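Secondary and tertiary structure notes
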Amino acid sequence: MKISYRLIFDRITNYIFAVLLIFITMGLVIGVLRLFLSLGDLVIHADISSGYLHIISEVLTLFILIELSRSLVEYFNTHRLRMTFIVDAGIVFVLREVMIKLFEESLAVDEVYAMSVLLFVLGALRIGSVLVFQREKQVLDHHSLEGSN
């Protein structure tokens, strides 16, 4: 009897990612519900600016969770993690931090430089991953056309 370690690995990985996707989905549902509840607090309290900061932070956090869940769903379809979804989540996270610190007016000059470099690198990674994906897609399409002839 031959044991397929690849099959065992794929099944365990699928179960782990399925559990992660369930928790992320639950987090999204809970986050949306809490966001709607915080809208009521925004109307009641006189301090609007801190309420808006909280809402903006929550919405951007939900965007990060959505990007991570898209990455996991794509893994179930292709059994590969797409770099673009992961980098998109990183970009949204950095932009979230920049927006919060700008709104709080607590962004130092060295942090601006660091965040700018990080966004530049993440943007370059995203562009590179899209170009590699397009090239792989063209190669696969070319091979499938040759195979059908």
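Everything numeric here is computed off the predicted structure, so don't read it as measured data. Numbering of residues starts from 1 in every chain and runs along the sequence as written. Given that this is a predicted model, residues contribute local features only at a pLDDT of at least 70 and side-chain atom pairs are listed and counted only at 80 or more, while totals for whole chains, interfaces and linings are drawn from all residues. Values reported for side chains reflect all heavy atoms of the structure, with hydrogen atoms and water molecules removed beforehand.

A word on the overall build of the protein chain. Numbering goes from the N terminus for both helices and strands, where a helix is a DSSP run of H or I of at least four residues and a strand is a run of E of at least two. Summing up its helical and strand segments, the protein chain has 4 helices and 0 strands in all. Along its sequence from the N terminus, the protein chain presents helices and strands in the succession α-α-α-α. For the protein chain, whose C-alpha radius of gyration is 21 Å, the value lies well above the compact-globule estimate of 15 Å for 149 residues. Each residue is assigned to one of three classes by its accessible area relative to the maximum for its type, calculated with a 1.4 Å probe on protein chains only: buried under 20%, partly exposed between the two thresholds, exposed over 50%. When each of the 149 residues of the protein chain is scored for burial, the buried share is 25%. Taking contacts inside the protein chain between residues at least 6 apart in sequence as the whole, the part at least 24 apart equals 70%. What the globule rule says is 2.2 Å times the number of residues to the power 0.38, and the radius of gyration is computed from C-alpha atoms. Working rule for contacts: check all heavy atoms of both residues, and any pair within 4.5 Å makes them a contact.

Here the focus is the environment of F85. When you line up the elements, F85 lands in helix α3 (residues 83-104). When its relative accessible area of 9% is taken as the criterion, F85 is described as buried. When sequence neighbours within four positions are dropped, the list of residues in contact with F85 reads E67, R70, S71 and E74.

What follows concerns the layout of surface pockets. Throughout, the protein atoms alone are placed on a 1 Å grid, and a set of points is a cavity if a 1.4 Å probe fits but cannot get out or a pocket if it is open with protein on both sides within 12 Å along at least five of seven lines; lining residues have an atom within 4 Å of a point. Grid points are joined across faces, edges and corners, and a volume is the space filled by probe spheres set on the points. The computed volume of the largest pocket comes to approximately 300 Å³. Forming the walls of the largest pocket are 13 residues, and the residues nearest its centre are R80, L81, R82, F133 and E136. The element contributing the most residues to the lining of the largest pocket is helix α4 (residues 109-148), with 6 residues. For the lining of the largest pocket, the class distribution of residues is 5 nonpolar, 3 polar and 5 charged. Each residue gets one of three labels, nonpolar for Ala, Val, Leu, Ile, Met, Phe, Trp, Tyr, Cys and Pro, charged for Asp, Glu, Lys and Arg, and polar for the others, Gly among them.

What follows concerns the side chain of T13. The topology assignment puts T13 in helix α1 (residues 5-44). The class of T13 is buried, set by a relative accessible area of 13%. Within the structure, the side chain of T13 is placed 2.7 Å from the backbone oxygen of F9, a separation counted as a polar contact. The definition of a polar contact used here is a pair of N or O atoms within 3.5 Å, where within protein one atom must be able to donate a hydrogen and the other to accept one, and adjacent residues in sequence count solely through side-chain atom pairs.

A few words on the nonpolar core. With 10 residues, the main nonpolar core is built from F17, L21, I24, L28, L35, L42, I55, L62, L72 and Y75. For this core, the element with the highest residue contribution is α1, accounting for 6 residues. The set of buried Ala, Val, Leu, Ile, Met, Phe, Trp, Tyr and Cys residues whose side-chain atoms join them within 4.5 Å is what this entry labels a nonpolar core. The next biggest cluster of nonpolar side chains, apart from the first, holds 6 residues, and it includes V87, I91, V94 and L122.

The subject of this paragraph is a nonpolar patch on the surface. To count toward a patch, a residue needs a relative accessible area above 30% and no salt bridge. Like charges then connect within 9 Å, nonpolar side chains (Val, Leu, Ile, Met, Phe, Trp, Tyr) within 5 Å. Here, Shrake-Rupley sampling with a 1.4 Å probe gives the accessible areas, and only protein chains in the shown set may cover a residue. A pairing counts as a salt bridge when a side-chain nitrogen of Lys or Arg comes within 4 Å of a carboxyl oxygen of Asp or Glu. Taken together, I3, Y5, I8, I12, I16 and L20 make up a surface patch of nonpolar side chains, about 610 Å² in accessible area. Assignment of secondary structure puts I12 in helix α1. Residue class for I12 comes out partly exposed when judged on its relative accessible area of 48%.

Let us look at the pattern of salt bridges. Enumeration according to the criterion identifies 5 salt bridges in this entry. When the shortest N-O distance is used, the salt bridge between R6 and D10 registers 3.7 Å. With R6 and D10 both in helix α1 and 4 residues apart, this pair spans about one turn of that helix. According to the relative accessible area criterion, D10 is partly exposed, its value standing at 22%.

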